Amino acid sequence: MKKSIVCSAILLAFAHGPAQAFSVPLRVSNALSACVNIHITDTSIHNNMVLASTTFQLNKSIAECGCRSALVGYDSMTSVNTAAQVLQKGLIGVSRSGNKTLVLASEQTLIADREILLQFHCAPDL
């Protein structure tokens, strides 16, 4: 079973190719900075999606920053003709420090040469 999963993963990587480095003008707004430091280490394109390799360094529980769970919400936004445009929204589990990959945009053409604002906040209540 493990062998077929590994082979499938290798075939998938060959079919879609590796991620390509992609420089994105990026600004981070972290409303949870008292609890977690967030660093974008790299941006890339994979299957036309714009991705950000991100490191989360937890200083204290995000509950101490007012969050009701270990989920952090993020919004990837840009501006088109002075109007805010949401590119992507997501949730990330941040119960401990580690690395995550975030989707900034589902299509590279949505960004063009625009700056992306990446906002982090407590996930909405369920």
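The following paragraphs examine the structure supplied in this document.

The rules behind each value
- Residues numbered from 1 in each chain as written.
- Predicted model: local features only at pLDDT ≥ 70, side-chain atom pairs only at ≥ 80, totals over all residues.
- Heavy atoms only, no water.
- Salt bridge = Lys/Arg side-chain N within 4 Å of Asp/Glu carboxyl O.
- Helix = DSSP H or I, 4+ residues; strand = E, 2+ residues; numbered from the N terminus.
- Buried < 20%, exposed > 50% of the residue type's maximum accessible area, 1.4 Å probe, protein only.
- Pairing = 2+ DSSP bridges.
- Contact = heavy atoms within 4.5 Å.

1. Notes on the pattern of salt bridges
Opposite charge on two side chains makes pairing possible when the charged atoms of those side chains draw close.
Inference 1: What the rule picks out here adds up to three salt bridges.
Inference 2: Asp125 is the partner of Arg68 in a salt bridge, and the nearest nitrogen-oxygen pair spans 3.3 Å. Of this pair, Arg68 sits in the loop between strand S4 (49-58) and strand S5 (71-80) while Asp125 sits in the segment after strand S8 (116-122); the two residues are 57 residues apart in sequence, bridging distant segments of the chain. Both residues of the pair, Arg68 and Asp125, count as exposed.
Inference 3: We note a salt bridge from Asp75 to Lys89, for which the minimum N-O separation is 3.3 Å. Taken as a pair, Asp75 in strand S5 and Lys89 in strand S6 (residues 83-93) lie far apart in primary sequence, 14 residues in all.

2. Remarks on the pairing of strand S3 (residues 36-46)
Inference 1: Of the strand pairs in this sheet, S3 and S4 are connected by ten bridges, and their pairing is antiparallel. From the neighbouring strand, Asp42 faces S4, where its bridge partner is Ser53.
Inference 2: From the end of S3 to the start of S4, which pair antiparallel, there are two residues, and Asn47 there has a positive phi angle of about 55°.

3. A word on the environment of Thr41
Inference 1: Mapped onto the elements, Thr41 comes out in strand S3.
Inference 2: Taking the relative accessible area as the measure of exposure, Thr41 reaches 53% and is therefore exposed.
Inference 3: Expressed as a C-alpha distance, the spacing of Thr41 and Thr55, which sit 14 residues apart in the sequence, is 7.0 Å.
Inference 4: Ignoring sequence-local partners within four residues, the contact set of Thr41 consists of Ser53, Thr54 and Thr55.

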